[in-house]
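Overview (structure and organization)
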Amino acid sequence: MMFGLDSKEKELKELLAQLGCEASVFRNFKNGYEKMDKRYAQTASHYQSCLAATVEIRKLAERLEQHFIGQERMDLSESARELKKMQGTYAHEFIISSQDKEFSSTYDTLIRKLPLVDKGKENALMMQSEVENLLQILQENLNRKKPDLFALSYFLADHKISELYDLSAERKRELVHQKMVNELIMPLQNALKHTTQSPEYKQIQQLILEMTGVTI
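Let me sum up the structure you'll find in this document. Not measured: the values here are computed from a predicted model.

1. Topic: the overall build of the chain
Counting secondary structure elements, the chain contains 8 helices and 0 strands. Computed over its C-alpha atoms, the radius of gyration of the chain comes to 24 Å, more than 25% above the 17 Å expected for a compact globule of 216 residues. Taking the principal axes of the C-alpha coordinates as reference, the chain spans close to 80 × 35 × 30 Å. Here the chain holds 216 residues, and the buried ones make up 41% of them. Of the contacts formed within the chain by residues at least 6 apart in sequence, a portion of 74% connects residues at least 24 apart. Within the structure as shown, the chain displays about 12,100 Å² of accessible surface, and the carbon and sulfur contribution to it stands at 47%. Between the mean site of the 30 positive side-chain charges and the mean site of the 32 negative ones, the chain shows a separation of 3 Å.

Quick look at the structure:
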């Protein structure tokens, strides 16, 4: 760091020293924290961007659903162009996975076939069913619990996102969260287990929560 320790890290170092912890306790945490911190901004930005895109696609799908039940009139060719423009912007392992073949197939079908409905070259009921299927997948995925972005940043420091491809949404969250807890949080907990009633421990708890989103 150009100007020395971040204020939170400096405070943590001082508190650990006051509790008699070895310097290696702080050093190990600092190394792990910096590994996570370097990736956090990019990780959070990517997640928020994909989330926003997914929400926009859901809004379009909801309007298409209204079109097919006769509640709103839309230009289906223009809708297909909008879907084409947003294709892939939603791809995130914790939102719409790039490995979700059902979603990709449905999305591609709508891009190709929506323009054909008004020309009588494609069955409107079939397209309505495709829209409803897309909307169901979107709603299910958007209702999932948000991943721990601190933990995901830590995980991505030395792992590839492809390692999560075959796991359930819940297992993905558990895996990245547990890795950070095991490697970054538990060593601190073990070093401080005899100091939990001290004022310094309470201060350390708050610092760690602010820095990692986890309570020790």
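2. Describing empty space enclosed by the protein
According to the stated counting rule, one finds 1 cavity of 30 Å³ or more in the structure shown. Of the pockets and cavities examined, the largest cavity occupies roughly 30 Å³. In terms of lining, the largest cavity is formed by Glu 93, Phe 94, Arg 144, Lys 145, Pro 147, Ala 169 and Arg 173. The residue inventory of the lining of the largest cavity, partitioned by class, reads 3 nonpolar, no polar and 4 charged.

3. Things to note about the nonpolar core
Grouped together as the largest cluster of nonpolar side chains are 61 residues, with contacts concentrated most on Leu 16, Tyr 107 and Ile 204. Only helix H1 (7-18), helix H2 (23-68), helix H3 (76-86), helix H4 (101-117), helix H5 (124-142), helix H6 (149-156), helix H7 (169-192) and helix H8 (199-212) provide two or more residues apiece to this core. The leading source of residues in this core is H2, at 13 residues. Those residues in contact with Leu 16, other than ones at most four positions away along the chain, are Cys 21, Val 25, Phe 26, Leu 188, Leu 192 and Ile 204.

4. With respect to the pattern of salt bridges
Here the structure, examined in full by the defined rule, presents 11 salt bridges. A salt bridge links Arg 81 to Glu 78, with the shortest nitrogen-to-oxygen separation between them at 2.9 Å. With Arg 81 and Glu 78 both in helix H3, this residue pair falls 3 residues apart, about one helical turn. Each of the salt bridges in this network shares a partner with another, and the network as a whole consists of Lys 35, Asp 158, Lys 179 and Glu 183.

5. Focus on the environment of Ile 137
The topology assignment puts Ile 137 in helix H5. In this structure Ile 137 comes out as buried when scored by relative accessible area, which is 8%. Each C-alpha atom of the pair Ile 137 and Leu 188 lies 40 Å from the other, and the pair is 51 residues apart in sequence. Beyond its immediate stretch of four places on either side in the chain, Ile 137 contacts Ile 96, Asp 100, Glu 102 and Phe 103.

6. What about H3?
Buried residues of H3: Leu 76, Ser 79, Ala 80, Leu 83 and Met 86, and no others. Angular distribution of buried residues about the axis of H3 spans 130°; they occupy a single face of the element. Exposed residues lying more than 90 degrees from the buried face of H3 are Lys 84 and Lys 85. Of the surrounding elements, those touching the buried residues of H3 are H2 and H4. One side-chain oxygen of the residue at the start of H3 lies 3.0 Å from the amide nitrogen of Ser 77, identifying that residue as Asp 75. Remark: Gly 88 follows H3 within two positions and exhibits a positive phi of approximately 90°.

Calculation criteria
Residues numbered from 1 in each chain as written. Predicted model: local features only at pLDDT ≥ 70, side-chain atom pairs only at ≥ 80, totals over all residues. Heavy atoms only, no water. Helix = DSSP H or I, 4+ residues; strand = E, 2+ residues; numbered from the N terminus. Rg over C-alpha atoms; globule rule 2.2 N^0.38 Å. Buried < 20%, exposed > 50% of the residue type's maximum accessible area, 1.4 Å probe, protein only. Contact = heavy atoms within 4.5 Å. Areas by Shrake-Rupley, 256 points an atom, 1.4 Å probe, with all protein chains shown as cover. Lys, Arg positive; Asp, Glu negative; His and termini not counted. Charge placed at Lys NZ, Arg CZ, Asp CG, Glu CD. 1 Å grid on protein atoms, 1.4 Å probe; cavity = no way out; pocket = protein on both sides within 12 Å on 5 of 7 lines; lining within 4 Å. Points joined across faces, edges and corners; volume = space filled by probe spheres on them. Nonpolar A, V, L, I, M, F, W, Y, C, P; charged D, E, K, R; others polar. Core = buried A, V, L, I, M, F, W, Y, C linked by side-chain atoms within 4.5 Å. Salt bridge = Lys/Arg side-chain N within 4 Å of Asp/Glu carboxyl O. Arc of directions from axis to C-beta. Polar contact = N/O pair within 3.5 Å; in protein donor to acceptor, adjacent residues only side chain to side chain.

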